[in-house]
Amino acid sequence: MDINLKIKELREKNGYTQQNIADFLNVDQSLISKIEKGERSFTADMLNSLSSLFGVSVQSLLTDSNYTSTVCAFRASNLTADDLKTISIINKIALNADFMTKLLGD
């Protein structure tokens with residue numbers, strides 16, 4: 001699956017709008033639309049930020065490997081960019097803990 005389709009799938013799975021993602025990345029919503037259509041590309045910084053937001057590794061976004069994302073449930077209808085940054089930090093901690101667990105073999 002192409003990266004643009006993975007990002008769109010993850011965005012929709014998590015209930016985020018293109019505007020949510022644009023605000024989180026501090027870009028225009030039209031850029032997110034073009035990226036999802038395959039007309040533009042993500043930067044490395046954007047991919048790193050999105051991998052944390054969605055709770056998946058950057059490697060899983062770039063390859064055809066299967067990915068399992070962390071899922072958080074929130075009772076908020078209007079998530080702000082700051083809310084998404086907090087979610088991203090929580091997911092990054094979860095990803096790092098999973099990585100450390102795999103390294104230790106437990």
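Anyway, here's the lowdown on the structure attached to this text. Treat the numbers as computed from the prediction; the structure is a model and nothing was measured.

**Topic: the overall build of the protein chain**
- When helices and strands are tallied, the protein chain shows six helices and zero strands.
- From first element to last, N terminus to C terminus, the protein chain shows the α and β order α-α-α-α-α-α.
- The 106 residues of the protein chain split such that 34% are buried.
- Counting contacts in the protein chain only where the partners sit at least 6 residues apart, residues at least 24 apart contribute 60% of the total.
- For the protein chain, the accessible area works out to roughly 6,700 Å², and carbon and sulfur atoms hold 50% of it.

**Let's talk about unusual backbone geometry**
- In this structure, asparagine 26 is a non-glycine residue whose phi angle is positive, near 60°.
- In this fold, asparagine 26 is placed in the loop between helix 2 (18-25) and helix 3 (29-36).
- Classification of asparagine 26 as exposed rests on a relative accessible area of 72%.

**Notes on a positive patch on the surface**
- Taken together, the side chains of Lys8, Lys34, Lys37 and Arg40 present a region of like positive charge at the surface.
- Looking at where lysine 37 falls in the secondary structure, it is placed in the loop between helix 3 and helix 4 (44-54).

**Notes on the nonpolar core**
- In this structure, Tyr16, Ile21, Leu50, Leu53 and Phe54 are the most contacted members of the largest nonpolar core, which totals 21 residues.
- Of all the secondary structure elements, the ones that give two or more residues to this core are helix 1 (3-13), helix 2, helix 3, helix 4 and helix 6 (81-104).
- Ranked by residue count, the leading element in this core is helix 4, at five residues.
- Discounting chain neighbours no more than four positions away, the residues touching leucine 53 are Tyr16, Ile21, Phe24, Leu84, Ile87, Ser88 and Asn91.

**With respect to the packing of helix 4 against helix 6**
- Orientation of helix 4 relative to helix 6, taken along the N-to-C sense of each, is 80°, at an axis distance of 6 Å. As summarised for this structure, helix 4 and helix 6 are arranged roughly perpendicular, according to the angle between their axes. Across the interface between the two elements, Asn48, Ser49, Ser51, Ser52, Leu53 and Phe54 of helix 4 pack against Leu84, Ile87, Ser88, Asn91, Lys92 and Leu95 of helix 6.
- Residue classes in the contact of helix 4 with helix 6 are distributed as five nonpolar, six polar and one charged.

**Brief notes about the side chain of asparagine 4**
- Within the element layout of this structure, asparagine 4 appears in helix 1.
- When residues no more than four places from it in sequence are discounted, the contact partners of asparagine 4 are Ile35, Glu36, Lys37 and Gly38.

**A few points about helix 1**
- Listed in full, the buried residues belonging to helix 1 are Asn4, Lys6, Ile7, Leu10 and Arg11. Summarising the axial view, the buried residues of helix 1 lie within an arc of 160°, below the 170-degree limit, and thus occupy one face.
- Next to the buried residues of helix 1 lie helix 2, helix 3, helix 4 and helix 5 (58-62).
- Trailing helix 1 by a residue or two, glycine 15 shows a phi angle of about 75°, which is positive.

Criteria and cut-off values
Residues numbered from 1 in each chain as written. Predicted model: local features only at pLDDT ≥ 70, side-chain atom pairs only at ≥ 80, totals over all residues. Heavy atoms only, no water. Helix = DSSP H or I, 4+ residues; strand = E, 2+ residues; numbered from the N terminus. Buried < 20%, exposed > 50% of the residue type's maximum accessible area, 1.4 Å probe, protein only. Contact = heavy atoms within 4.5 Å. Areas by Shrake-Rupley, 256 points an atom, 1.4 Å probe, with all protein chains shown as cover. Patch = residues over 30% accessible without salt bridge, like charges linked within 9 Å, V, L, I, M, F, W, Y side chains within 5 Å. Salt bridge = Lys/Arg side-chain N within 4 Å of Asp/Glu carboxyl O. Lys, Arg positive; Asp, Glu negative; His and termini not counted. Charge placed at Lys NZ, Arg CZ, Asp CG, Glu CD. Core = buried A, V, L, I, M, F, W, Y, C linked by side-chain atoms within 4.5 Å. Axes fitted to C-alpha atoms, helices over the stretch in contact; angles between N-to-C directions. Parallel < 35°, antiparallel > 145°, perpendicular 65-115°, else oblique. Nonpolar A, V, L, I, M, F, W, Y, C, P; charged D, E, K, R; others polar. Arc of directions from axis to C-beta.

The values are spatial; any link to function lies outside them.
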